[in-house]
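Summary of the model geometry
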Amino acid sequence: MIAASSLLHPDAFLSPLAIDEAATRALGEDLGRAGDVTSFATIPEATTAHAVLVARQAGVIAGLPLAVVTLQKLAPGIRIEAHARDGATVAAGQKLLSISGPARAVLSGERTALNFVGRLSGVATLTADYVKRTEGTTTRICCTRKTTPGLRALEKYAVRCGGGFNHRFGLDDAILIKDNHIAVAGGVRAVLQRAHGHAGHLVKIEIEVDTLDQLREVLDTGLADVVMLDNMDIPTLKQAVKIADRRVVLEASGGVTLGSIAAIASTGVDYISSGALTHSAPNFDVAIDIEA
(Lines give C-alpha, C1' and ligand atoms only; values in the text may rest on other atoms or scores of the structure.)
Protein backbone atom coordinates (compact mmCIF):
# COMPACT_ATOMS: atom_id res chain seq x y z
CA MET A 1 0.00 0.00 0.00
CA ILE A 2 1.40 3.38 -0.98
CA ALA A 3 2.21 5.73 1.91
CA ALA A 4 0.63 9.14 1.48
CA SER A 5 3.66 10.71 3.16
CA SER A 6 5.87 9.58 0.27
CA LEU A 7 3.97 11.93 -2.04
CA LEU A 8 4.42 15.03 0.11
CA HIS A 9 6.64 17.79 -1.26
CA PRO A 10 10.11 17.09 0.17
CA ASP A 11 10.63 20.71 1.23
CA ALA A 12 7.16 21.42 2.61
CA PHE A 13 5.41 20.33 5.76
CA LEU A 14 1.95 19.00 6.44
CA SER A 15 0.98 16.95 9.48
CA PRO A 16 -0.36 13.46 8.74
CA LEU A 17 -3.06 14.24 11.29
CA ALA A 18 -4.16 17.22 9.19
CA ILE A 19 -4.35 14.99 6.10
CA ASP A 20 -6.36 12.33 7.90
CA GLU A 21 -8.73 14.83 9.50
CA ALA A 22 -9.34 16.69 6.25
CA ALA A 23 -10.07 13.50 4.31
CA THR A 24 -12.42 12.22 7.02
CA ARG A 25 -14.30 15.51 7.20
CA ALA A 26 -14.63 15.83 3.43
CA LEU A 27 -15.85 12.26 2.98
CA GLY A 28 -18.34 12.71 5.79
CA GLU A 29 -19.68 15.81 4.07
CA ASP A 30 -20.09 13.98 0.75
CA LEU A 31 -21.28 10.56 1.92
CA GLY A 32 -23.82 11.92 4.37
CA ARG A 33 -25.92 9.47 6.37
CA ALA A 34 -26.42 6.65 3.87
CA GLY A 35 -23.28 6.67 1.75
CA ASP A 36 -23.07 6.72 -2.04
CA VAL A 37 -26.54 5.39 -2.86
CA THR A 38 -25.94 5.67 -6.62
CA SER A 39 -22.86 3.44 -6.63
CA PHE A 40 -24.42 0.95 -4.21
CA ALA A 41 -27.56 0.77 -6.33
CA THR A 42 -25.83 0.35 -9.69
CA ILE A 43 -22.48 -1.38 -9.09
CA PRO A 44 -22.26 -5.00 -7.87
CA GLU A 45 -20.18 -5.35 -4.70
CA ALA A 46 -17.44 -7.50 -6.24
CA THR A 47 -16.83 -5.21 -9.23
CA THR A 48 -13.32 -3.82 -9.56
CA ALA A 49 -12.26 -0.70 -11.39
CA HIS A 50 -9.04 0.52 -12.93
CA ALA A 51 -8.70 4.30 -13.15
CA VAL A 52 -6.17 7.06 -13.61
CA LEU A 53 -5.98 10.50 -12.07
CA VAL A 54 -4.94 12.80 -14.90
CA ALA A 55 -3.88 16.43 -15.14
CA ARG A 56 -5.97 18.17 -17.78
CA GLN A 57 -3.72 21.24 -17.80
CA ALA A 58 -0.09 22.11 -17.20
CA GLY A 59 0.94 23.33 -13.77
CA VAL A 60 2.27 22.44 -10.34
CA ILE A 61 0.66 19.56 -8.47
CA ALA A 62 -0.37 19.52 -4.82
CA GLY A 63 -2.81 17.38 -2.87
CA LEU A 64 -1.93 13.88 -4.04
CA PRO A 65 -1.51 12.60 -0.45
CA LEU A 66 -5.06 13.79 0.27
CA ALA A 67 -6.37 11.89 -2.76
CA VAL A 68 -4.58 8.73 -1.67
CA VAL A 69 -5.84 8.88 1.92
CA THR A 70 -9.37 9.60 0.71
CA LEU A 71 -9.43 6.45 -1.41
CA GLN A 72 -7.71 4.33 1.22
CA LYS A 73 -10.32 5.26 3.80
CA LEU A 74 -13.02 3.82 1.55
CA ALA A 75 -11.00 0.74 0.56
CA PRO A 76 -7.94 0.05 2.74
CA GLY A 77 -6.58 -2.52 0.27
CA ILE A 78 -6.90 -0.31 -2.81
CA ARG A 79 -3.83 -0.36 -5.07
CA ILE A 80 -2.44 3.04 -6.05
CA GLU A 81 0.66 3.75 -8.11
CA ALA A 82 2.02 7.29 -8.15
CA HIS A 83 3.50 8.84 -11.29
CA ALA A 84 4.24 12.22 -9.68
CA ARG A 85 4.52 13.77 -6.26
CA ASP A 86 3.47 17.11 -4.85
CA GLY A 87 5.54 20.03 -6.11
CA ALA A 88 6.11 18.47 -9.52
CA THR A 89 5.52 20.51 -12.65
CA VAL A 90 3.34 18.45 -14.98
CA ALA A 91 2.08 18.70 -18.55
CA ALA A 92 -1.50 18.53 -19.70
CA GLY A 93 -2.54 14.90 -20.08
CA GLN A 94 0.05 13.56 -17.64
CA LYS A 95 -0.98 10.66 -15.41
CA LEU A 96 -0.66 11.37 -11.71
CA LEU A 97 -2.04 8.22 -10.07
CA SER A 98 -3.07 4.78 -11.29
CA ILE A 99 -5.83 3.29 -9.16
CA SER A 100 -7.13 -0.30 -8.94
CA GLY A 101 -9.67 -1.56 -6.44
CA PRO A 102 -13.34 -1.87 -5.54
CA ALA A 103 -15.37 0.09 -8.07
CA ARG A 104 -17.74 1.40 -5.43
CA ALA A 105 -14.89 2.92 -3.46
CA VAL A 106 -13.29 4.49 -6.53
CA LEU A 107 -16.58 6.08 -7.59
CA SER A 108 -17.53 7.19 -4.09
CA GLY A 109 -14.16 8.86 -3.43
CA GLU A 110 -13.70 10.33 -6.90
CA ARG A 111 -15.11 13.81 -6.30
CA THR A 112 -13.52 14.31 -2.89
CA ALA A 113 -10.10 13.28 -4.23
CA LEU A 114 -10.48 15.59 -7.22
CA ASN A 115 -11.60 18.49 -5.04
CA PHE A 116 -8.45 18.23 -2.97
CA VAL A 117 -6.07 17.95 -5.90
CA GLY A 118 -7.88 20.59 -7.97
CA ARG A 119 -7.98 23.15 -5.18
CA LEU A 120 -4.45 22.66 -3.89
CA SER A 121 -2.86 22.38 -7.34
CA GLY A 122 -4.58 25.64 -8.26
CA VAL A 123 -2.92 27.35 -5.29
CA ALA A 124 0.46 25.78 -6.07
CA THR A 125 0.27 26.72 -9.76
CA LEU A 126 -0.67 30.34 -9.07
CA THR A 127 2.06 30.62 -6.44
CA ALA A 128 4.63 29.27 -8.91
CA ASP A 129 3.58 31.95 -11.39
CA TYR A 130 4.12 34.68 -8.78
CA VAL A 131 7.48 33.21 -7.80
CA LYS A 132 8.63 33.00 -11.41
CA ARG A 133 8.05 36.71 -11.88
CA THR A 134 10.48 37.52 -9.07
CA GLU A 135 13.40 35.55 -10.50
CA GLY A 136 16.68 37.42 -10.20
CA THR A 137 15.72 38.99 -6.87
CA THR A 138 16.08 37.80 -3.27
CA THR A 139 12.45 38.55 -2.43
CA ARG A 140 10.33 35.73 -1.08
CA ILE A 141 6.62 35.39 -1.83
CA CYS A 142 4.39 34.43 1.07
CA CYS A 143 0.73 33.82 1.73
CA THR A 144 -1.63 35.33 4.32
CA ARG A 145 -4.48 34.19 6.58
CA LYS A 146 -6.96 34.76 3.73
CA THR A 147 -7.60 31.06 3.38
CA THR A 148 -10.65 28.84 3.04
CA PRO A 149 -12.03 28.17 6.55
CA GLY A 150 -10.95 24.72 7.67
CA LEU A 151 -8.37 24.31 4.90
CA ARG A 152 -5.62 26.66 6.05
CA ALA A 153 -2.94 24.06 6.72
CA LEU A 154 -3.61 22.43 3.34
CA GLU A 155 -3.61 25.67 1.37
CA LYS A 156 -0.47 26.95 3.07
CA TYR A 157 1.18 23.63 2.25
CA ALA A 158 0.17 24.14 -1.39
CA VAL A 159 1.84 27.55 -1.36
CA ARG A 160 5.06 25.81 -0.33
CA CYS A 161 4.59 23.31 -3.15
CA GLY A 162 4.53 26.24 -5.57
CA GLY A 163 7.79 27.67 -4.26
CA GLY A 164 6.31 30.25 -1.90
CA PHE A 165 6.70 30.73 1.84
CA ASN A 166 4.22 30.85 4.68
CA HIS A 167 3.28 33.85 6.77
CA ARG A 168 1.85 33.04 10.20
CA PHE A 169 -0.63 30.16 10.37
CA GLY A 170 -2.86 31.85 12.93
CA LEU A 171 -3.19 34.58 15.49
CA ASP A 172 -1.05 32.59 17.94
CA ASP A 173 2.06 32.30 15.74
CA ALA A 174 3.49 35.79 16.03
CA ILE A 175 2.55 39.35 16.91
CA LEU A 176 1.32 41.31 13.88
CA ILE A 177 0.26 44.83 14.81
CA LYS A 178 -2.15 46.31 12.26
CA ASP A 179 -3.44 49.87 11.87
CA ASN A 180 -6.43 49.24 14.12
CA HIS A 181 -4.18 47.93 16.91
CA ILE A 182 -2.11 51.12 16.64
CA ALA A 183 -5.22 53.31 16.76
CA VAL A 184 -6.68 51.57 19.80
CA ALA A 185 -3.39 51.30 21.71
CA GLY A 186 -2.51 54.97 21.31
CA GLY A 187 0.20 55.10 18.67
CA VAL A 188 3.24 53.32 17.27
CA ARG A 189 5.55 53.64 20.25
CA ALA A 190 2.86 52.75 22.78
CA VAL A 191 1.70 49.65 20.94
CA LEU A 192 5.26 48.38 20.37
CA GLN A 193 6.19 48.88 24.01
CA ARG A 194 3.17 46.89 25.13
CA ALA A 195 3.86 44.15 22.59
CA HIS A 196 7.52 43.92 23.56
CA GLY A 197 6.58 43.62 27.21
CA HIS A 198 4.34 40.64 26.54
CA ALA A 199 6.27 38.76 23.83
CA GLY A 200 8.23 35.64 24.66
CA HIS A 201 11.81 35.33 23.47
CA LEU A 202 10.78 33.21 20.47
CA VAL A 203 7.90 35.44 19.37
CA LYS A 204 8.56 37.87 16.52
CA ILE A 205 6.93 41.30 16.43
CA GLU A 206 5.74 42.72 13.11
CA ILE A 207 4.03 46.07 12.69
CA GLU A 208 2.16 47.52 9.71
CA VAL A 209 2.89 51.05 8.52
CA ASP A 210 1.44 53.02 5.64
CA THR A 211 3.72 56.08 5.66
CA LEU A 212 7.44 56.68 5.74
CA ASP A 213 7.03 58.76 8.88
CA GLN A 214 5.53 55.76 10.64
CA LEU A 215 8.43 53.63 9.42
CA ARG A 216 10.91 56.10 10.89
CA GLU A 217 9.02 56.07 14.18
CA VAL A 218 9.15 52.26 14.29
CA LEU A 219 12.88 52.25 13.57
CA ASP A 220 13.49 54.81 16.32
CA THR A 221 11.92 52.45 18.89
CA GLY A 222 14.08 49.50 17.93
CA LEU A 223 11.28 47.20 19.10
CA ALA A 224 10.07 45.62 15.84
CA ASP A 225 11.54 42.63 14.01
CA VAL A 226 9.53 43.06 10.81
CA VAL A 227 7.77 46.04 9.23
CA MET A 228 4.89 45.53 6.82
CA LEU A 229 4.78 48.28 4.21
CA ASP A 230 1.10 48.53 3.40
CA ASN A 231 -0.17 49.68 0.00
CA MET A 232 2.90 51.75 -0.86
CA ASP A 233 3.71 52.61 -4.46
CA ILE A 234 7.02 51.66 -6.04
CA PRO A 235 8.88 54.95 -5.40
CA THR A 236 7.79 54.90 -1.74
CA LEU A 237 8.84 51.27 -1.33
CA LYS A 238 12.28 52.12 -2.69
CA GLN A 239 12.57 54.96 -0.18
CA ALA A 240 11.46 52.64 2.63
CA VAL A 241 14.17 50.11 1.75
CA LYS A 242 16.77 52.89 1.82
CA ILE A 243 15.52 54.30 5.14
CA ALA A 244 15.40 50.89 6.84
CA ASP A 245 18.94 50.10 5.70
CA ARG A 246 18.61 46.40 6.69
CA ARG A 247 17.76 47.22 10.32
CA VAL A 248 14.48 45.30 10.08
CA VAL A 249 12.94 42.78 7.74
CA LEU A 250 10.65 44.50 5.26
CA GLU A 251 7.45 42.99 3.90
CA ALA A 252 5.41 44.64 1.15
CA SER A 253 1.68 43.99 1.15
CA GLY A 254 -1.46 45.30 -0.48
CA GLY A 255 -2.26 45.67 -4.17
CA VAL A 256 -0.03 42.75 -5.10
CA THR A 257 -0.94 41.24 -8.49
CA LEU A 258 0.79 39.20 -11.16
CA GLY A 259 1.24 42.46 -13.04
CA SER A 260 2.87 44.31 -10.14
CA ILE A 261 4.86 41.60 -8.38
CA ALA A 262 8.07 42.01 -10.42
CA ALA A 263 8.24 45.76 -9.85
CA ILE A 264 7.62 45.33 -6.12
CA ALA A 265 10.35 42.70 -5.84
CA SER A 266 12.79 44.99 -7.66
CA THR A 267 12.58 47.53 -4.82
CA GLY A 268 14.59 45.22 -2.56
CA VAL A 269 11.97 44.28 0.02
CA ASP A 270 12.59 40.97 1.76
CA TYR A 271 9.06 39.55 1.49
CA ILE A 272 5.91 40.19 -0.48
CA SER A 273 2.68 38.83 0.98
CA SER A 274 -0.39 38.25 -1.15
CA GLY A 275 -3.79 36.95 -0.14
CA ALA A 276 -4.48 36.21 -3.80
CA LEU A 277 -2.32 33.07 -3.61
CA THR A 278 -5.10 31.38 -1.67
CA HIS A 279 -8.28 33.43 -2.02
CA SER A 280 -8.09 33.90 -5.79
CA ALA A 281 -6.41 30.76 -7.11
CA PRO A 282 -8.43 29.17 -9.95
CA ASN A 283 -9.20 25.46 -9.69
CA PHE A 284 -6.71 23.20 -11.42
CA ASP A 285 -8.33 20.88 -13.98
CA VAL A 286 -7.89 17.22 -13.06
CA ALA A 287 -10.00 14.16 -13.76
CA ILE A 288 -10.34 10.50 -12.83
CA ASP A 289 -10.86 8.38 -15.93
CA ILE A 290 -11.95 4.75 -15.81
CA GLU A 291 -9.77 2.48 -17.93
CA ALA A 292 -11.15 -0.58 -19.69
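Located above this text is the structure these notes cover.
First, a word on what this report is: a plain description of the structure on this page.

For the structure shown, the criterion picks out one aromatic pair. Centre to centre, the rings of Phe 13 and Phe 169 are 6.2 Å apart; their planes meet at 40°, and the pair counts as tilted. Residue Phe 13 is found in the segment before α1 (16–31), and its partner Phe 169 is found in the loop between α5 (152–161) and β7 (175–177); the two are separated by 156 residues along the sequence. Residue classification places Phe 13 among the partly exposed residues on the basis of a relative accessible area of 44%.

This brings us to the sheet that holds strand β1 (residues 48–55). The four strands lie next to each other as β3-β5-β1-β12, forming an open sheet whose pairing is antiparallel. Each of the sheet's edge strands pairs with one partner strand only, and the pair in question is β3 (79–82) and β12 (286–291). Sheet twist, expressed as the average angle between the axes of neighbouring strands with direction ignored, equals 20°. As defined by bridge partners, β1 adjoins β12 across six bridges and the pair is classed as antiparallel. The partner of Ala 55 across the bridge, within β12, is Val 286. Packed on one face of the sheet, helix α3 (residues 64–74) meets β1, β3 and β5 (95–102) and runs near 5° to β5.

Running from N to C, α1 and helix α4 (residues 103–132) cross one another at 130°; their axes reach a closest spacing of 10 Å. As far as their axial angle goes, α4 and α1 are oblique. As for how α1 packs across α4, the hand of that crossing is right-handed. In this structure, α1 uses Ala 22, Ala 23, Ala 26, Leu 27, Asp 30 and Leu 31 to contact α4, whose residues at the interface are Ser 108, Arg 111, Thr 112 and Phe 116. Residues of the contact of α1 with α4, tallied by class, amount to six nonpolar, two polar and two charged.

Attention shifts here to the side chain of Ser 108. Tracing the backbone shows Ser 108 in helix α4. Within polar-contact distance, the side chain of Ser 108 engages the side chain of Asp 36 at 2.9 Å. A distance of 2.8 Å separates a polar side-chain atom of Ser 108 from the backbone oxygen of Arg 104.

We now examine the nonpolar core. Counting 88 residues, the largest nonpolar core has Leu 192 and Ile 207 as the members making the most contacts within it. Residue contacts for Leu 192: discarding those within four places in its chain leaves Ile 177, Ile 205, Ile 207, Val 218, Thr 221, Leu 223 and Ala 224.

All right, on to the pattern of salt bridges then. Following the criterion strictly, the structure yields nine salt bridges and no others. We note a salt bridge from Glu 291 to Lys 95, for which the minimum N-O separation is 3.5 Å. Taken together, the residues span a long stretch of sequence, with Glu 291 in strand β12 and Lys 95 in strand β5 at a distance of 196 residues. Classification of Glu 291 by relative accessible area gives partly exposed; the value is 35%. Here Lys 95 falls in the partly exposed class, since its relative accessible area comes to 40%. Between Asp 270 and Arg 246 there is a salt bridge, with the nearest N and O atoms lying 3.4 Å from each other.

The rules we used
- Counting restarts for each chain: residues are numbered from 1 in the order of the written sequence.
- Where totals are concerned, whole chains, interfaces and linings use all residues; where local detail is concerned, this predicted model gives features only for residues with pLDDT of at least 70, and gives and counts side-chain atom pairs only at 80 or more.
- Excluded from the side-chain calculation are hydrogens and water; included are all heavy atoms of the structure.
- Note on aromatic pairs: the rings of Phe, Tyr and Trp (six-membered ring only in Trp) are paired at centre separations within 6.5 Å, and the planes decide the class, stacked below 30 degrees, edge-to-face beyond 60, tilted for the rest.
- By definition, any uninterrupted DSSP run of H or I lasting at least four residues is a helix, any uninterrupted run of E lasting at least two residues is a strand, and each is numbered from the N terminus.
- Exposure is judged per residue with a 1.4 Å probe applied to protein chains only, and the accessible area is read against the type maximum: over 50% gives exposed, under 20% gives buried, and values in between give partly exposed.
- By the convention used here, strands pair only if DSSP detects at least 2 bridges between them.
- What counts as an axis is a line fitted to C-alpha atoms, over the stretch in contact for a helix, and the angles between N-to-C directions run from 0 to 180 degrees.
- Contact criterion: two residues are considered in contact whenever any of their non-hydrogen atoms come within 4.5 Å of each other.
- What sets the label is the angle itself: under 35 degrees gives roughly parallel, over 145 gives roughly antiparallel, 65 to 115 gives roughly perpendicular, and the rest give oblique.
- The sense of a crossing depends on the near helix, which, turned anticlockwise from the far helix by less than a right angle, makes the crossing left-handed and, turned clockwise, makes it right-handed.
- Each residue receives one of three labels: charged for Asp, Glu, Lys and Arg, nonpolar for Ala, Val, Leu, Ile, Met, Phe, Trp, Tyr, Cys and Pro, and polar for the others, Gly being one of them.
- Contacts described as polar in this section are N or O atom pairs within 3.5 Å, which, within protein, must combine one atom able to donate a hydrogen with one able to accept it, while residues neighboring in sequence count only if both atoms come from side chains.
- Put simply, a nonpolar core is a bunch of buried Ala, Val, Leu, Ile, Met, Phe, Trp, Tyr and Cys residues held in one set by side-chain atoms that sit within 4.5 Å of each other.
- A side-chain nitrogen of Lys or Arg and a carboxyl oxygen of Asp or Glu constitute a salt bridge if their distance falls within 4 Å.

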